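Coordinate inspection notes
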Amino acid sequence: MNEQALLGIADDELIIGWRDSEWTGIAPMLEEDVAFSSIAQNEIGHARAVYSLLSGDADALAFDRDPEEYRSAPLVELHLLEWAHTIARRWLYEVADEVRLTALKDDPDAAVSGLAAKIDREEAYHRMHAEMWHDRLRDEPRFRAAVEDLWPYALGVLPAELRGELVERVGLAEVDAIERGTHTDELVPLWEEMTVVRRSAPAGAQW
Amino acid sequence: MAAAEIPHDEQAFLEYVQSGGQVETTDWMPDEYRRLLIKFIEMHGNSELMGVLPEREWILRAPTLQRKLALTAKVQDEVGHSQLIYRVVEDLGKPREQCLADLVDGKAKFHNVFHYPTKTWGDVGVIAWLVDAAAIISQKALLKCSYAPYARIMKKICWEESFHILHGRDVILAMVTGTPEQFELVQEALNRWWPPLMQFHGNPIPKDEDPMYQWRIKSQGNGEARQQFLDGYVPQIWELGLTVPDPKLRKRDDGEWEFSEPDWDELKQVVTGHGPKTEERLALRRHFLEQEQWVRDVVLAA
Amino acid sequence: MIYEVFRQERRGQPFEHAGSVEAPDADFAEAWAREQYGRRGESVALWLVPRDAIRDVEDWADEFDLKYRRVDGYSIKARLKEARERAGTAGDR
């Protein structure tokens, strides 16, 4: 089990789930608000499942590290409270995640491959949703510009050996990736808000 | 007698609904009935939507993954309810965009409780447990609404609300059995939320003077709803060692609850758009509505 | 476009009208109805139908007494009593 890689996946799901949950109540239409919130909840659920593979205390792993210890990719950390960028990120992330999960389903560790298969099945809805929006907005200049903005970040979600697949599916020329390993400026404020209540009580307090 | 057979006459219609008759979207209805119905149901939709805003900040701050999921699901339900409700309003003749435009322009009302700030995680528990409880009492009474499409969505709404209260109570229980500071957070939140909660069901108009009851849009008087709330939830509050900030609160031998008269002026001020957080929350709504207009234009056009 | 949503709670049960969603096409209607009417596992299947495809049918003529073809058109008490008395089985009740 490649723990660092799995931690990266869990952190990606936690942070993108946290970002996506920000849209609850303010999405462009009510029907989409409900659907989008389900996607955010699924992501948090995936994070929890992967954390549980790595530790007996998923909450501690999710919340009690310092910001520098998170292994999230810059793509998910960006604060994008604007729909074109949000949906562009959703689409790019889903494509990258599918590439990643396909590889993980072949993992020699049965616990990992089993979990990857489970997550993959739930992701079917996310992909359908992302493709639907991509089809609708593909000719919209705002959306195309957002995809181009986020493309270097999207490449950074995957290890180098899997990027070829992503390039093929997205249909953009490969550029220098914004690599996992350094964090954006946005992570610290996110972490502070995410942990403010938790840090207000001693470690181990029940909530 | 089916509604299709009722003469197009206000008195006959009144007798029909007062004897339990149900009305569908395509049935004839008096203009006054339609007007009151739209106003009432629209206010409900607005309330569900505005109710999201006090709670959504806490989704981001939830201290465990479980609480984050539960709170996100609860708030998602509120949005879902607003979708159901605005669809009903639209089928009665007022489009959703118009409802939302009136809301952000301050021309439409929403329930008092959603005009107040949330300050701590204690508020999260109190809102989910007690505000939702107050709401569900009204919502259960609406299951008998004479306008059938609205009564039908109330069924789904009530079913979903039942987990909200349980979730709220679970949050509270974790805190009141936690550290002394956590207990205090709950008590402090309860102290702040009690007055708006007591105002929530509205001032006690007698049923026969309430047009909403006359038309059987509401099937329960305001005072009755409040009594039900007190009867159901004060014992639950007291049994945790929490106090209610009303020295006059007590249950009489005849079963009626006595309490200090709520501040009806405050209620009026707040629901007419002068609550502590009204402006800020409407501004947030307006901002995102405007920012994302292009999405609706692209997606919903033809 | 308004899509009416019919949901089936469990296999074998009838599809019942559950509500409606406003969507530009069937794909969006599906994506949205799936969550609005199924996120709690409360439905095993949905039917999504454009509102325009639905024909509303509401009144029937009932001018002549056609009760012969309904259960409430039959009142057998009096004759049954007489038949039992005749057969001597009236007291066995």
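Computed from a predicted structure; not experimentally measured.

The next point concerns the overall build of chain C. Along the backbone of chain C there are 2 helices and 3 strands. Radius of gyration (C-alpha) of chain C: 25 Å, far over the 12 Å computed for a compact globule of 93 residues. Referenced to the eigenvectors of the C-alpha coordinate spread, the extents of chain C come out at roughly 70 × 35 × 15 Å. Looking at chain C as a whole, 19% of its 93 residues are labelled buried. A sequence separation of at least 24 residues applies to 43% of the contacts in chain C between residues at least 6 apart.

Contact with chain A, which involves 9 residues of that partner, is made by 11 residues of chain C. Elements with a contribution of two residues or more to the side of chain A that touches chain C: α2 (30–54) and α6 (110–137) of chain A. Per-element tally for the side of chain A that touches chain C: the top contributor is α2(A), with 5 residues. Along the lines of polarity and charge, the residues of the side of chain A that touches chain C split into 5 nonpolar, 2 polar and 2 charged.

Residues and elements named next belong to chain B. Here helix α3 (residues 65–92) spans 41 Å end to end across 28 residues, near enough to the 40 Å set by a 1.5 Å rise per residue. Most of α3 sits out of view: 24 of its 28 residues are buried. After α3 finishes, the residue Gly 93 shows a positive phi value of roughly 125°.

The predicted model of chain C averages 91 in pLDDT, with 98% of residues at 70 or higher. The ipTM for the predicted assembly is 0.96, set against a pTM of 0.93.

Below, the discussion takes up the nonpolar core. The biggest cluster of nonpolar side chains holds 150 residues, and the ones touching the most others in it are Leu75(A), Ala88(A), Leu92(A), Leu150(A), Ala154(A) and Ala134(B). Ignoring anything within four residues of it in the chain, the contact list for Leu75(A) reads Arg89(A), Tyr93(A), Leu150(A), Tyr153(A), Ala154(A), Gly156(A) and Val157(A).

Right, let's get into the packing of helix α2 (residues 31–61) of chain B against α3(B). All names here are of chain B. For the pair α2 and α3, interaxial distance at closest approach is 9 Å and the crossing angle is 160°. Taken together, α2 and α3 sit at an angle that is classed as roughly antiparallel. α3 is crossed by α2, and the crossing has left-handed handedness.

On the side of chain A, 35 residues touch chain B, which itself brings 34 residues to the contact. For the side of chain B that touches chain A, the elements supplying multiple residues, two or more each, are α2, α3, α7 (180–199), α11 (278–291) and α12 (293–300) of chain B. Here the side of chain B that touches chain A takes 13 residues from α3(B), the largest share from any one element. Residue composition of the side of chain B that touches chain A, by class: 17 nonpolar, 10 polar and 7 charged.

Conventions we followed
- Residues numbered from 1 in each chain as written.
- Chains lettered and ligands numbered in written order.
- Predicted model: local features only at pLDDT ≥ 70, side-chain atom pairs only at ≥ 80, totals over all residues.
- Helix = DSSP H or I, 4+ residues; strand = E, 2+ residues; numbered from the N terminus.
- Rg over C-alpha atoms; globule rule 2.2 N^0.38 Å.
- Buried ≥ 20, exposed ≤ 12 C-beta atoms within 10 Å, placed from the backbone.
- Contact = placed C-beta atoms within 7 Å.
- Nonpolar A, V, L, I, M, F, W, Y, C, P; charged D, E, K, R; others polar.
- Expected span 1.5 Å × (residues − 1).
- pLDDT = per-residue confidence, 0-100.
- Core = buried A, V, L, I, M, F, W, Y, C linked by C-beta atoms within 7 Å.
- Axes fitted to C-alpha atoms, helices over the stretch in contact; angles between N-to-C directions.
- Parallel < 35°, antiparallel > 145°, perpendicular 65-115°, else oblique.
- Left-handed = near helix turned anticlockwise from the far one by under 90°.

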